[in-house]
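Close look at the chain arrangement
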Amino acid sequence: MPNYAFVGKSMPRVDSRAKVTGEALFTADIKLPKMLVGKILRSPHPHARIVNVDISEALRVPGVKAIITGRDVLQRKWGVFGYTQDQQFLPADKVRFIGEEVAAVAAVDEDSAQRAIDCIRVDYEILEAVFDAMESLSPTAPLLHDDFPQNINVHVPINVGDVEKGFAESYYVREDTFTASEDSYFQGEPYAVVARFDMDNNLEIWMPNAGPHMKAKPLSNALGIPLNKIRVRKITIGGAFGGRSEIAPADLICALLARKSGRPVKIVYTREENSIATRQGHALITTIKTGVREDGRVIARDVTCYMDGGAYSSTGPIAVSVPFLCMEQAYKMDHVRYNGYRIYTNKPPRGMIRIHGRAFASGVDTQLDMIGEHLGIDPVTMRLINAREPGEFTNTKSHVASCAMKETITRAAEKSGWNDKWGKLPPLRGIGIGCNSVQTGFPMGIRGGSLAIIKLNEDGGATVISGVVDNGQGNDNMLVQIAAEELGIRTEDVQLVTADTEVTPSDPGAYSQVSTFIGGHAVKNAAENVRRQLFETAAKKLNVKVDDLIARDRMIYVKDSPDTSIPLKKVVRMLLAQGKSVSGQGDYWPKVDPKREWVKNPFGQMCGAFSFGTTVAEVEVDPETGKVTVLEVTAAQDVGFALNPLVLEGQFQGSIAMGGQGGILTEGHVWDGGSVLNPTQLDYKVPLACDMPKINTIIIESNDPEGPYGSKESGMSIAMSAAQAYAAAVSNAIGVYMTDFPLTPDKILEALQNKVEGEIPNQDEGVPEKGLEVMVPAV
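Everything numeric in this text was worked out from a predicted model, so none of it was measured. (Residues numbered from 1 in each chain as written. Predicted model: local features only at pLDDT ≥ 70, side-chain atom pairs only at ≥ 80, totals over all residues. Heavy atoms only, no water.)

Focus: the overall build of the protein chain
Each helix and strand in the protein chain was counted, giving 20 helices and 30 strands. Taken against the 2.2 N^0.38 rule, which gives 28 Å for 779 residues, the C-alpha radius of gyration of the protein chain at 27 Å falls within 12% of a compact globule. In terms of principal-axis extent, the alpha carbons of the protein chain reach across some 85 × 75 × 45 Å. When each of the 779 residues of the protein chain is scored for burial, the buried share is 63%. When contacts within the protein chain are restricted to residue pairs at least 6 apart in sequence, long-range pairs at least 24 apart make up 80% of them. Accessible area of the protein chain: about 28600 Å², with a carbon and sulfur share of 50%. Charged side chains in the protein chain number 81 positive and 96 negative. The centres of these two groups are separated by 8 Å. (Helix = DSSP H or I, 4+ residues; strand = E, 2+ residues; numbered from the N terminus. Rg over C-alpha atoms; globule rule 2.2 N^0.38 Å. Buried < 20%, exposed > 50% of the residue type's maximum accessible area, 1.4 Å probe, protein only. Contact = heavy atoms within 4.5 Å. Areas by Shrake-Rupley, 256 points an atom, 1.4 Å probe, with all protein chains shown as cover. Lys, Arg positive; Asp, Glu negative; His and termini not counted. Charge placed at Lys NZ, Arg CZ, Asp CG, Glu CD.)

Following this line, the structure appears as structure tokens:
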């Protein structure tokens, strides 16, 4: 292992001080001269035709400077893909969920804006609505979009091998159905937008985002102005978790209000608005049929998943595909068939979320435990038998270059004391294990690569220019570490210019887990370019070869001769004296199959690398209240190479909070028709720091051959495997396999009661004979 100065070392993040002292500014903190307050009028109906919008009375409210309706926007529909374009950000024809944007006001203060909103009169023609994905599939259900029959937004079919033949050859086959309600991101920062136009009609806009370049182009299309007249600015971001990669209606609305009023406008969502008018996680119904050999090895698997997508497409094709892809990356299967359906309903639109479908991931692992129980194989062995290994190809033809899946399983099991606890814990205490894998990147076409620029100042300091965005995970620090390592300077010598579409080159942003793998890689290549220029000049001065030099602590040394050196800043000044500025650029594009497409061709190299994670959870259940107390969690992930172990441990802990503690025990939306009944943090029950158990983190390094320094995604595999482990641990504690998530106390008490009464669903009924199927009615 090379003797690195900064990468591979635990160090506090460069943005830590500003955040803990409150000095960091978020979008809602921005104050501009003459700035107006924007407010949005939202639909009270889940499905209705907009007959008329009367703004005459609202225009007479003192202080009102602009009002916009659907008549003020270009009649263009937006979608991530050409075949999913279905959303107008301020609809003129009809609304499709409670909370959808209908009109907006900009006024001198919040009270004036709200009074104007209250004065807008909208005539609706109420339409029949549908709130259940399965009911929405009915030929008699109301159609949300005329060009999507049966309300099927997306259908992803994947068929590899001969699944029926695999089932016929299996020793044991079983089928189970798992369900989960919608979940929310609940970012710490509610959504906010600030927009203004300058005298040349150039738009400046600030908002929390996962990729500024991913926002700029859709805004250009929606506003009908050239891309080079839109500048998405950098701002501190309070979390994304998959929910802030797309353009949001508020982005366009705020820009339109600013253009119409001729003044800057700020829109800040309430917590309720953030729940009902931004993306949510999908509700899922997942039926999994698996056939195995006598030793537990999976031969065939058939998965059908129905995802409640809400009113619009969002990232539909990706959201439908990723749960399956994570499964096929984690576990080997000879034959597999997948049919993923995303269904429109009259609920808020759903997008990508960190856990990628609780009913899918937890369903796969719960069923592995069911099968293992039938076969007399413990959960750890079941996973080791089926775990992915390096050098293999996934069913959809992605090569897995680096993989320490089995090591994550064995290390997590060892650290958690699995062998001393499995089957030996007292009643109502349980232990469970979950495993998963996440892609380091998706094929993203022309926005899939990153370019970075580095310039050195005459004092030896460096400025790094990169499109990478940091929405809380430590990406800014990652860039600083890499630049300092490659240039041989200190981290305090590095200044960052990032995530600003006007001054930073195109980059996929913090989307699809590629910030380090692609953006960090580009910075590393740019730094190597600059270092080469320095070494060529230093080598002449020191009368040595370029390859004999190293850079460390602001000096350039001759290897094996530390007394022979030259200050780095002196080399910079030598180059400047020669009329040569010291700067360089570097780029990186992932080696993916450009022909791979989510629906039409889901085959080929998906991404450059895959991460692998295992979580073990130990819980105790109160039989009187159904409350689950989590005693200890152990998380192990193959991260390739840990650039900053301190940051990774934080990622692991956050992943357990979101995927396990919240994702399985408490978080889920409750509905009354199309109304969310628990939109606030008080009702939704996001876990707090005091709720978290003891967490053991294990970082495993497989040194990916393509990743910068061998690194790849970190954290996501833990979020998903934590959900699986929590579900398994609760099932183990109460002796009932749980199939509906989250596992709230009422469900646990019902399961315990059913167990007492002998009505236990999905329990082992004895090891069947070879080829016998145990059928549970499909949904």
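Things to note about helix α16 (residues 568-577)
The complete set of buried residues in α16 reads Leu568, Val571, Val572 and Leu575. Down the axis of α16, the buried set is contained in an arc of 105°. They therefore lie on one face. Tucked inside the fold, the buried residues of α16 contact β17 (450-456), α14 (475-487), α15 (515-542), β21 (555-558) and β22 (561-567). In the segment just after α16, glycine 579 is the residue with positive phi, at about 80°. (Arc of directions from axis to C-beta.)

Notes on empty space enclosed by the protein
Per the counting criterion, the structure on display carries ten cavities of 30 Å³ or more. If you add up the space inside the largest cavity, you get close to 120 Å³. Contributing to the lining of the largest cavity are 14 residues, with Tyr191, Gly243, Ala248, Thr278 and Arg279 lying nearest its centre. Looking at side-chain class alone, the lining of the largest cavity contains six nonpolar, four polar and four charged residues. Reported here for the second largest cavity is a volume of approximately 100 Å³. Per-class residue counts for the lining of the second largest cavity are six nonpolar, six polar and two charged. (1 Å grid on protein atoms, 1.4 Å probe; cavity = no way out; pocket = protein on both sides within 12 Å on 5 of 7 lines; lining within 4 Å. Points joined across faces, edges and corners; volume = space filled by probe spheres on them. Nonpolar A, V, L, I, M, F, W, Y, C, P; charged D, E, K, R; others polar.)

Concerning the pattern of salt bridges
Side-chain pairs of opposite charge can arise where the charged atoms are in close proximity. Under the defined criterion, the tally for this structure stands at 46 salt bridges. Arginine 358 is the partner of aspartate 183 in a salt bridge, and the nearest nitrogen-oxygen pair spans 3.7 Å. Of this pair, aspartate 183 sits in the loop between β8 (172-180) and β9 (192-197) while arginine 358 sits in helix α10 (residues 358-375); the two residues are 175 residues apart in sequence, bridging distant segments of the chain. With a relative accessible area of 5%, aspartate 183 lands in the buried category. A salt bridge links lysine 406 to glutamate 389; its shortest N-O distance comes to 3.5 Å. (Salt bridge = Lys/Arg side-chain N within 4 Å of Asp/Glu carboxyl O.)

Focus: the pairing of strand β20 (residues 549-552)
Every second residue of β20 is oriented toward a common face, the buried set being Leu549 and Ala551 and the non-buried set Ile550 and Arg552. Pairing analysis gives four bridges linking β20 to β21, with the strands arranged antiparallel. The partner of leucine 549 across the bridge, within β21, is valine 558. Connecting β20 to the next strand, β21, in antiparallel fashion are two residues, including aspartate 553 with a positive phi near 55°. (Pairing = 2+ DSSP bridges.)

Regarding the packing of α14 against α15
It is at 9 Å that the axes of α14 and α15 come closest, and there the two elements cross at 25°. One way to sum up the angle between α14 and α15 is to call them roughly parallel. As for how α14 packs across α15, the hand of that crossing is right-handed. Taking contact as the criterion, the partners of Asn475, Met478, Leu479, Ile482, Ala483, Glu486 and Leu487 in α14 are, on α15, Ser515, Thr516, Gly519, Gly520, Val523, Lys524, Ala527, Glu528, Val530 and Arg531. (Axes fitted to C-alpha atoms, helices over the stretch in contact; angles between N-to-C directions. Parallel < 35°, antiparallel > 145°, perpendicular 65-115°, else oblique. Left-handed = near helix turned anticlockwise from the far one by under 90°.)

Some remarks on the sheet that holds strand β25 (residues 628-638)
Read across the open sheet, the four strands follow the order β16-β24-β25-β28; overall the sheet is mixed. Both outer strands of the open sheet, β16 (429-439) and β28 (694-700), are each paired with one neighbouring strand and no more. Sheet twist, expressed as the average angle between the axes of neighbouring strands with direction ignored, equals 15°. Both β16 and strand β24 (residues 610-621) contribute to a ladder of eleven bridges, which runs antiparallel. Looking at the pairing, glycine 430 lines up with valine 619 of β24. Its contacts with the sheet put helix α9 (residues 316-330) on β16 and β24, and the angle it makes with β16 is roughly 105°.

Quick word on α10
Its 18 residues place the ends of α10 25 Å apart at the C-alpha level, agreeing with the 26 Å of an ideal helix rising 1.5 Å per residue. For α10, the tally of buried residues reaches 17 of 18 residues, placing the bulk of the element in the interior. (Expected span 1.5 Å × (residues − 1).)

Brief notes about the side chain of glutamate 100
As for its placement among the helices and strands, glutamate 100 is situated in the loop between β4 (94-95) and β5 (101-107). Among buried Asp, Glu, Lys and Arg side chains, glutamate 100 stands out as unpaired, with arginine 96 the closest opposite charge at 5.2 Å. There is a polar contact of 2.7 Å between the side chain of glutamate 100 and the backbone nitrogen of arginine 96. Here the side chain of glutamate 100 touches tyrosine 312 through a polar contact of 2.6 Å, side chain to side chain. (Polar contact = N/O pair within 3.5 Å; in protein donor to acceptor, adjacent residues only side chain to side chain.)

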